[in-house]
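Close look at the chain arrangement
Take a look at the letters that make up each chain.
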Amino acid sequence: MYQLYNPVQHVKTPILFFTGKGGVGKTSAACATAVSLADQGYKVLLVSTDPASNLQDVFGVELRSEPTEIPKAENLFASNIDPEESARAYREKTVGPYRGKLPESVVNQMEEQLSGACTVEIAAFDEFSHLLADESTLTNFDYVLFDTAPTGHTLRLLSLPTAWNGFLEESTHGASCLGPLSGLGDKKDMYGKAVQALSDSEKTTLILVARPEESTLIEANRASSELREIGIQNHMLIINGLLQSHDTNDEVAAAFYGSQQDALAEMPKALKLIDTLSIPYVPYSLTDIASLRQLVSDNPFVLTEDNDEGIELNQLAELRDVIDDFSAKNTRVIFTMGKGGVGKTTVASSIAVGLSEKGHKVHLTTTDPASHLDYMFKNSAVDENLSISSIDPELEVEKYKKEVISAAGHLGEEELAYLKEDLESPCTEEIAVFRAFADVVARSENEIVVIDTAPTGHTLLLLDSSEAYHKEMSRSTGSTPESVKALLPRLRNPQETEVVIVTLAEATPVFESTRLQEDLKRAQIVPKWWIINRSLSAAGTEDKVLKMRASSEKQWIKNIDNELSGRCALIPWTKKAILNNDHKVTQS
Amino acid sequence: MKKVEIFDPAMCCSTGVCGPSVDPDLTRVASAVYSLEKKGANITRYNLANDPSAFTDNKTVNQVLHEKGADALPVTLLDNEVVRVGSYPTNEDFAEWFGTETEELTQKPQVRVSINLD
């Protein structure tokens with residue numbers, strides 16, 4: 001129903017940014033585009049920031065931040081930027097010289113303040129800007145492709161006048177999210193040029209990548225409207241992984257196809273106005289230049305046999321085993337954690353129901369406004385052991401913002417704008433939501449609490465250090481709420497709290513989950529269970545395309561089972577509706 | 001004239017936005033420092049996140065940190081003597097040190113330069 005994406009035909013500007021939720025295939029789409037354009041004789045630079053990418057394997061050459069010629073594809077150059085690494089390098093440059101000179105606690109405090117999501121975001125933008133502002137980039141290359149895009153938060157922050165004037169140094173608000181760029185003044189010109197290039201429709205196209213799944217379409221819509229608001233107008237939408245045909249006799253394949261079509265039918269209205277193309281669901285892995293070339297060619301469907309036969313998997317646990325484990329251990333607080341779209345809410349709900357069926361008193365809290373939990377349970381005779389509540393992150397953030405702004409007292413217009421933009425940072429939602437579920441946990445003394453989200457290690461460490469800090473600050477009125485103080489030690493106690501990592505058997509979700517786990521470990525929380533959700537290989541499909549795709553899951557399942565998790569459970573792919581009725585029940 | 005130096009903890013968002021709660025004390029101190037600076041008072045703030053060398057170069061502060069760790073911040077020095085550890089000076093403190101009225105310390109900083117990227 002959507003025309004197949006063909007870069008040669010559809011790409012109209014020299015600069016392309018690919019954006020979308022993790023795991024939608026931004027890097028693959030960018031790569032395929034780059035290869036296809038280079039094949040036409042154009043000189044192409046592909047800039048990847050995806051740490052999960054297998055670009056080096058695909059291209060057979062080691063990539064650095066400087067453009068490297070790809071021997072296997074004429075005219076193609078690639079560079080690889082790791083924003084986390086840039087942020088780390090910046091952090092080390094700032095902190096390193098003071099190790100040994102300042103006490104450890106002081107050095108740790110400096111490091112943590114430079115470990116937030118903002119630091120990474122700004123570090124990434126800094127890297128983009130070098131390329132965008134450098135005139136030689138566009139004289140040397142016909143096309144420059146980025147497999148990610150700056151966030152609206154970053155761009156707005158940089159366009160606030162307060163970001164650039166001496167006011168920062170007077171430190172009413174400190175360097176804030178702009179921390180990593182303390183020599184900011186020097187960079188003003190560079191950022192200005194970068195933002196200009198981004199807003200020029202003749203020069204730049206923002207390519208929104210989504211899968212035919214609700215959550216990725218919503219994210220594409222959010223990014224689209226946010227970036228449009230700050231002046232980036234030229235958008236294009238690519239639906240990646242659209243199943244073109246299927247074995248209608250295969251139950252799984254029919255359901256799979258149906259759920260894709262449903263998601264597209266429910267696509268946010270604003271997205272429907274954008275030029276939309278599709279990349280088909282293909283059974284082969286994108287592991288070499290030939291497969292990328294084929295993906296966006298006139299004939300993407302030729303079946304090649306993937307050979308994953310060699311991978312032997314252990315017998316894996318099921319969701320039932322996870323529930324039994326928590327029941328036996330009498331775990332009191334259970335978080336499901338993972339990037340959006342992997343099914344945290346569904347897994348949390350299933351765990352909650354399972355525990356209540358075993359006779360435990362359970363309280364389930366969701367932060368997913370699309371979860372319709374109330375509805376999901378309305379007809380299914382919630383037993384008396386199970387109670388449900390929801391936290392609306394948007395509402396909590398609003399509440400928190402109001403509290404912050406009123407507590408800040410009277411501010412000038414520009415200070416207020418600055419403070420407000422600080423409040424748009426990703427940290428804010430985390431903090432606001434954390435406070436809300438600290439309240440839920442505090443209220444639930446005799447129940448098991450299951451929550452479909454978890455704080456990051458960064459949040460926990462910040463909360464922890466500020467608690468210590470506030471202890472000393474007897475005069476401070478801005479104190480940590482009691483419920484938050486009480487929750488921190490409980491979270492660290494593995495007898496009491498378990499964090500379950502929910503992921504999919506695909507490269508990016510596994511990588512992102514690994515990162516979440518590492519981050520939590522910094523706060524001394526070690527997740528035990530990993531749950532691999534929506535596994536096609538566990539679903540038992542006979543559809544030719546899906547079956548081949550299922551076999552590519554094996555390497556990730558093996559990796560999770562052997563390397564990443566304490567224990568690992570597998571949930572088969574099922575049609576998304578949990579309750580069998582006419583109304584749509586959304587899976588997060 | 002008296003010299004006041006305030007050594008702040010590392011603040012990624014000194015608004016407290018990234019922390020568990022906002023600290024109105026920070027806004028108060030910023031306003032007071034701003035007003036005093038405008039009157040020509042000798043007062044300086046150092047943020048650990050931006051200006052760590054100040055924390056090693058100043059022997060007094062360095063010693064306080066080695067004795068008490070990060071919890072000692074913020075540290076305030078009056079003519080190189082430690083006058084406050086672990087909390088900010090009050091407006092009464094400032095008024096006393098610089099011989100001014102507390103009411104004069106509540107003025108808001110004004111933005112001086114404005115450059116828009118758009």
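Residues numbered from 1 in each chain as written. Chains lettered and ligands numbered in written order. Predicted model: local features only at pLDDT ≥ 70, side-chain atom pairs only at ≥ 80, totals over all residues.

1. Brief notes about the overall build of chain B
Tallying secondary structure elements over chain B gives 4 helices and 4 strands in all. In chain B, buried positions account for 48% of the 118 residues. Taking as baseline every contact in chain B between residues at least 6 positions apart, the subset at least 24 positions apart corresponds to 57%. (Helix = DSSP H or I, 4+ residues; strand = E, 2+ residues; numbered from the N terminus. Buried ≥ 20, exposed ≤ 12 C-beta atoms within 10 Å, placed from the backbone. Contact = placed C-beta atoms within 7 Å.)

2. Notes on the overall build of chain A
If you tally the helices and strands in chain A, you get 25 helices and 15 strands. Looking at chain A as a whole, 53% of its 588 residues qualify as buried. For chain A, restricting intrachain contacts to residue pairs at least 6 apart in sequence, the fraction spanning at least 24 positions comes to 77%.

3. Notes on the environment of B:H66
Residue and element names in this part refer to chain B. Note on placement: H66 falls in helix 3 (residues 59–68). With 13 C-beta atoms counted inside 10 Å, the residue H66 sits in the partly exposed group. Spatially, the C-alpha atoms of H66 and E5 are 18 Å apart, while their sequence positions differ by 61 residues.

4. Points about the nonpolar core
Residue and element names in this part refer to chain A. Core analysis: the largest hydrophobic core is formed by 89 residues, its most contacted members being A34, V44, L46, L76, L145 and I238. Residue assignment places this core across two domains, with domain 1 (7–82 + 136–170 + 183–242 + 268–295) and domain 2 (319–392 + 436–572) each supplying three or more. Beyond its immediate sequence surroundings of up to four residues, V44 is in contact with A34, L37, A38, N75, L76, F77, F141, D142, Y143 and L145. (Core = buried A, V, L, I, M, F, W, Y, C linked by C-beta atoms within 7 Å. Domains from an automatic or database assignment.)

5. A closer look at unusual backbone geometry
A cis amide bond, omega 0°, links B:L73 with the succeeding residue B:P74. Relative to the elements of secondary structure, B:P74 occurs in the loop between helix 3 and strand 3 (75–78). Not every positive phi belongs to a glycine, and A:Q524 is a case in point at roughly 60°. Judged by the 13 C-beta atoms lying within 10 Å of it, A:Q524 falls in the partly exposed class.

6. Describing the confidence of the model for chain A
Residues and elements named next belong to chain A. The share of residues in chain A with pLDDT of 70 or more is 82%, and the mean pLDDT across the chain is 81. Element-level mean pLDDT values for chain A span from 60 in helix 16 (residues 373–378) up to 96 in strand 7 (residues 235–242). Segment residues 577–588 is flagged for pLDDT under 50; beyond a separation of four residues in sequence, or across chains, it makes 29 contacts in the model. (pLDDT = per-residue confidence, 0-100.)

7. Quick word on the pairing of strand 3 of chain B
Residues and elements named next belong to chain B. Two strands pair when backbone bridges link them, and strand 1 (residues 3–8) and strand 3 are joined in this way by 4 bridges, in the antiparallel orientation. Directly across from E5, in strand 3, lies its bridge partner L77. In terms of strand pairing, strand 3 meets strand 4 (residues 81–85) through 4 bridges, oriented antiparallel. Each residue of the ladder has a partner; that of L78, found in strand 4, is E81. Hairpin connection between strand 3 and strand 4: a loop of 2 residues separates the two successive antiparallel strands, and D79 in this loop has a positive phi of roughly 45°. (Pairing = 2+ DSSP bridges.)

8. Here we look at the sheet that holds strand 2 (residues 44–48) of chain A
Think of a sheet as strands paired side by side through backbone hydrogen bonds, with each pair either parallel or antiparallel. Residues and elements named next belong to chain A. In spatial order, the strands read 3-4-2-5-1-6-7-8; together these 8 strands make up an open sheet with mixed pairing. Looking at which strands have only one partner, the edges of the open sheet turn out to be strand 3 (68–69) and strand 8 (276–280). Relative to strand 5 (residues 143–146), strand 1 (residues 15–19) is paired through 3 bridges, and the arrangement is parallel. Counterpart to L16 in the pairing with strand 5 is L145. Each of strand 1, strand 2, strand 4 (76–80), strand 5, strand 6 (204–210), strand 7 and strand 8 is contacted by helix 2 (residues 26–39), which is oriented at about 170° to strand 2, the strand it contacts most. Its contacts with the sheet put helix 10 (residues 214–229) on strand 1, strand 6 and strand 7, and the angle it makes with strand 6 is roughly 160°. (Axes fitted to C-alpha atoms, helices over the stretch in contact; angles between N-to-C directions.)

9. With respect to helix 3 of chain B
Residues three or four positions apart in an α-helix share a direction because the helix packs 3.6 residues into each turn. Of all the residues in helix 3 of chain B, the buried ones are B:V61, B:V64 and B:L65. In a view along the axis of helix 3 of chain B, the buried residues occupy a sector of 100°, so they form one face of it. Turned more than 90 degrees away from the buried face of helix 3 of chain B, the exposed residues are B:K59, B:Q63 and B:E67. Close packing links the buried residues of helix 3 of chain B with helix 5 (104–113) of chain A together with strand 1, helix 2 (53–57), strand 3 and strand 4 of chain B. Of the residues trailing helix 3 of chain B, B:G69 is marked for its positive phi of about 75°. (Arc of directions from axis to C-beta.)

10. Some thoughts on the environment of B:E81
Relative to the assigned elements, B:E81 resides in strand 4. The spatial distance from the C-alpha of B:E81 to the C-alpha of B:K3 is 9.9 Å, given a sequence separation of 78 residues.

11. With respect to the domain arrangement of chain A
Residues and elements named next belong to chain A. Under the domain assignment, chain A is made up of domain 1 (7–82 + 136–170 + 183–242 + 268–295) and domain 2 (319–392 + 436–572). Counting residues at the interface gives 11 residues for domain 1 and 13 residues for domain 2. For the side of domain 1 that touches domain 2, a count of residues per class yields 4 nonpolar, 5 polar and 2 charged. (Nonpolar A, V, L, I, M, F, W, Y, C, P; charged D, E, K, R; others polar.)

12. Re the sheet that holds strand 4 of chain B
All names here are of chain B. The 4 strands lie next to each other as 2-1-3-4, forming an open sheet whose pairing is mixed. On the outer flanks of this sheet lie strand 2 (42–47) and strand 4, each paired with one strand and no other. On average, each strand axis in the sheet is inclined to that of its neighbour by 20°, with strand direction left out of account.

13. Let's talk about the packing of helix 14 (residues 319–329) of chain A against helix 15 (residues 344–357) of chain A
Residues and elements named next belong to chain A. At their nearest, the axes of helix 14 and helix 15 sit 9 Å apart, and the two run at 55° to each other. Classified by the angle between their axes, helix 14 and helix 15 sit oblique to one another. Crossing of helix 14 over helix 15 shows right-handed handedness. Of helix 15, the residues touching helix 14 (which contributes L319, V322, I323, F326 and S327) are S350, I351, G354 and L355. (Parallel < 35°, antiparallel > 145°, perpendicular 65-115°, else oblique. Left-handed = near helix turned anticlockwise from the far one by under 90°.)

14. Details of the environment of A:L206
Residues and elements named next belong to chain A. The residue L206 is located in strand 6 in this model. Given 24 C-beta atoms within 10 Å, L206 falls into the buried group. For L206 and N234, which are 28 residues apart along the polypeptide, the C-alpha to C-alpha distance reads 6.1 Å. Setting aside residues no more than four positions away along its own chain, L206 makes contact with F17, T19, A149, L227, I232, N234 and H235.

15. Remarks on helix 2 of chain A
Residue and element names in this part refer to chain A. The end-to-end C-alpha distance of helix 2 is 20 Å, a good match for the 20 Å that 14 residues give at a rise of 1.5 Å each. Counting buried positions along helix 2 gives 13 out of 14 residues, so the element sits mostly inside the fold. G41 sits one or two positions beyond helix 2 and adopts a positive phi of about 100°. (Expected span 1.5 Å × (residues − 1).)

16. A closer look at the confidence of the model for chain B
Residue and element names in this part refer to chain B. Per-chain confidence: chain B averages 77 in pLDDT, with 76% of residues scoring 70 or above. The least confident element of chain B is helix 1 (residues 24–38), whose mean pLDDT is 74; the most confident is strand 3, at 94. Between residues 13–20, whose pLDDT stays under 50, and residues either more than four places distant or in other chains, the model counts 38 contacts. When the criterion is pLDDT under 50, residues 109–118 qualifies, and its contacts beyond four places in sequence or with other chains add up to 30 contacts.

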